Amino acid sequence: MLVDSTSIRIYYPEQMLEEIYPIQGQLGALASSPLPRIDALRRFFSFERIPPKSLDPAADDDKFLAIRMLPIDSALQEHVEEVKVLLDRRTGFIARAENIDADGDRTVLTFSNVKVDTNLPDDSLRLDIPADAKISRPLDAMGGSP
């Protein structure tokens, strides 16, 4: 995954697929990170607390908080069924995020050994996508591109 000032690019090597999500546009606020800011999320989702073990059977209720988000925006409902997030109570960092799209496909992001502010050089942060990889722009149909 690569996030820059204009887009989020996710490459799935086994499927030879790159998904590109623009950061500007109608739903660009949702594409600004794997989990956007709460004010952007509230415009598009309802929230409910769920048991942490529903995302990770080993998750301790005292250490984790789990949230299920359901899209309330009709355009988003065409693409997203639900999003579940497991948060580390101590750090506030995401431990796991799970997205189920409208077709029932599941994307799971698991974060471990999280480090912040490591001052990585920009040139070390790039995706090398094969020329024959398929490119998908899921938000285009929702007005997510300029």
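Our subject is the structure that appears above.
Here is a short report on the structure shown in this document. Model, not experiment: these values are computed from the prediction. Numbers given to residues run from 1 along each chain, matching the order in which its sequence is written. Selection of residues for local features in this predicted model requires a pLDDT of at least 70, selection of side-chain atom pairs for listing and counting requires 80 or more, and totals for whole chains, interfaces and linings are taken over all residues. Derived side-chain values reflect all non-hydrogen atoms in the structure, with water molecules and hydrogen atoms excluded from consideration.

### Here we look at the sheet that holds strand 5 (residues 64-71)
When DSSP locates at least two bridges between a pair of strands, those strands are taken to pair. The helix and strand labels rest on DSSP assignments: H or I over at least four residues marks a helix, E over at least two residues marks a strand, and numbering proceeds from the N terminus. As summarised here, the arrangement of the 5 strands in space is 4-5-6-7-8, forming an open sheet in which the pairing is antiparallel. With partners counted over all chains shown, the strands left at the sheet margins are strand 4 (45-50) and strand 8 (106-110), one partner each. On average, each strand axis in the sheet is inclined to that of its neighbour by 15 degrees, with strand direction left out of account. Pairing of strand 7 (residues 94-101) with strand 8 involves 5 bridges; the strand directions are antiparallel. The partner of Ala97 across the bridge, within strand 8, is Leu109. Simply put, an axis is a line fit to the C-alpha atoms, just over the touching stretch for a helix, and the angle between two N-to-C directions goes from 0 to 180 degrees.

### Side note on the sheet that holds strand 2 (residues 7-12)
Working definition: the strands of a sheet are paired by backbone hydrogen bonds and lie parallel or antiparallel to each other. An order of 1-2-3-9 is seen for the 4 strands of this open sheet, with the pairing classed as mixed. Whereas interior strands pair on both sides, the edge strands pair on one side only; in this sheet they are strand 1 (2-3) and strand 9 (134-136). Across 3 bridges, strand 3 (residues 17-22) lies against strand 9 in parallel orientation. If you follow Leu17 over to strand 9, its bridge partner there is Lys134.

### A look at a nonpolar patch on the surface
Exposure above 30% relative accessible area and the absence of a salt bridge qualify a residue for a patch, where like charges join within 9 Å and nonpolar side chains (Val, Leu, Ile, Met, Phe, Trp, Tyr) within 5 Å. Surface exposure here means Shrake-Rupley accessible area, sampled with a 1.4 Å probe, where a residue is shielded only by the protein chains that are shown. Criterion for a salt bridge: a side-chain nitrogen of Lys or Arg within 4 Å of a carboxyl oxygen of Asp or Glu. Taken together, the side chains of Phe93, Phe111, Val114 and Val116 define a hydrophobic patch exposed on the protein surface, amounting to about 320 Å² of accessible area. Tracing the chain through its elements places Val114 in the loop between strand 8 and strand 9. A residue is classified by how much of its surface remains accessible, and Val114, at 39% relative accessible area, is partly exposed. Here's how the labels work: a residue is buried when its accessible area is under 20% of the maximum for its type, exposed when over 50%, partly exposed in between, all with a 1.4 Å probe on protein chains only.

### Some details on the pattern of salt bridges
Overall, the coordinates contain 6 salt bridges when judged by the stated rule. Across the pair Arg68 and Glu82 runs a salt bridge, and its minimum N-O distance is 2.4 Å. Within this pair, whereas Arg68 is found in strand 5, its partner Glu82 is found in strand 6 (residues 80-88), the two being separated by 14 residues in sequence. Classification of Glu82 by relative accessible area gives buried; the value is 7%. Salt bridges sharing common partners tie together Glu48, Arg68, Glu82 and Lys84.

### Re the environment of Lys53
Here Lys53 shows up in the loop between strand 4 and strand 5. Lys53 gets classed as partly exposed once you look at its relative accessible area, which sits at 47%. As for Lys53 and Leu65, which are separated by 12 residues in sequence, their C-alpha atoms are 9.7 Å apart. N or O atoms closer than or at 3.5 Å make up a polar contact, with two conditions inside protein: a donor-capable atom paired with an acceptor-capable one, and, for residues adjacent in sequence, both atoms drawn from side chains. Within the local environment of Lys53, its side chain forms a polar contact with the backbone oxygen of Ala59, the two atoms lying 2.9 Å apart.

### What about the nonpolar core?
For the purposes of this section, nonpolar cores are sets of buried Ala, Val, Leu, Ile, Met, Phe, Trp, Tyr and Cys residues that join through side-chain atoms within 4.5 Å. Membership of the largest hydrophobic core is limited to 11 residues, which are Leu41, Phe44, Phe45, Ile67, Met69, Leu76, Val80, Val83, Val85, Ile94 and Ala97. Of all elements in the fold, only helix 1 (38-44), strand 5, strand 6 and strand 7 reach the threshold of two or more residues within this core. The biggest single contributor to this core is strand 6, with 3 residues. Whether two residues touch is decided by their heavy atoms; if any such pair falls within 4.5 Å, the residues are in contact. Excluding anything up to four places from it in sequence, Val80 contacts Phe45, Pro71, Asn99, Ile100, Asp101 and Ala102. Residues Ile50, Phe64, Ala66 and Leu86 belong to the second largest nonpolar core, which totals 7 residues.

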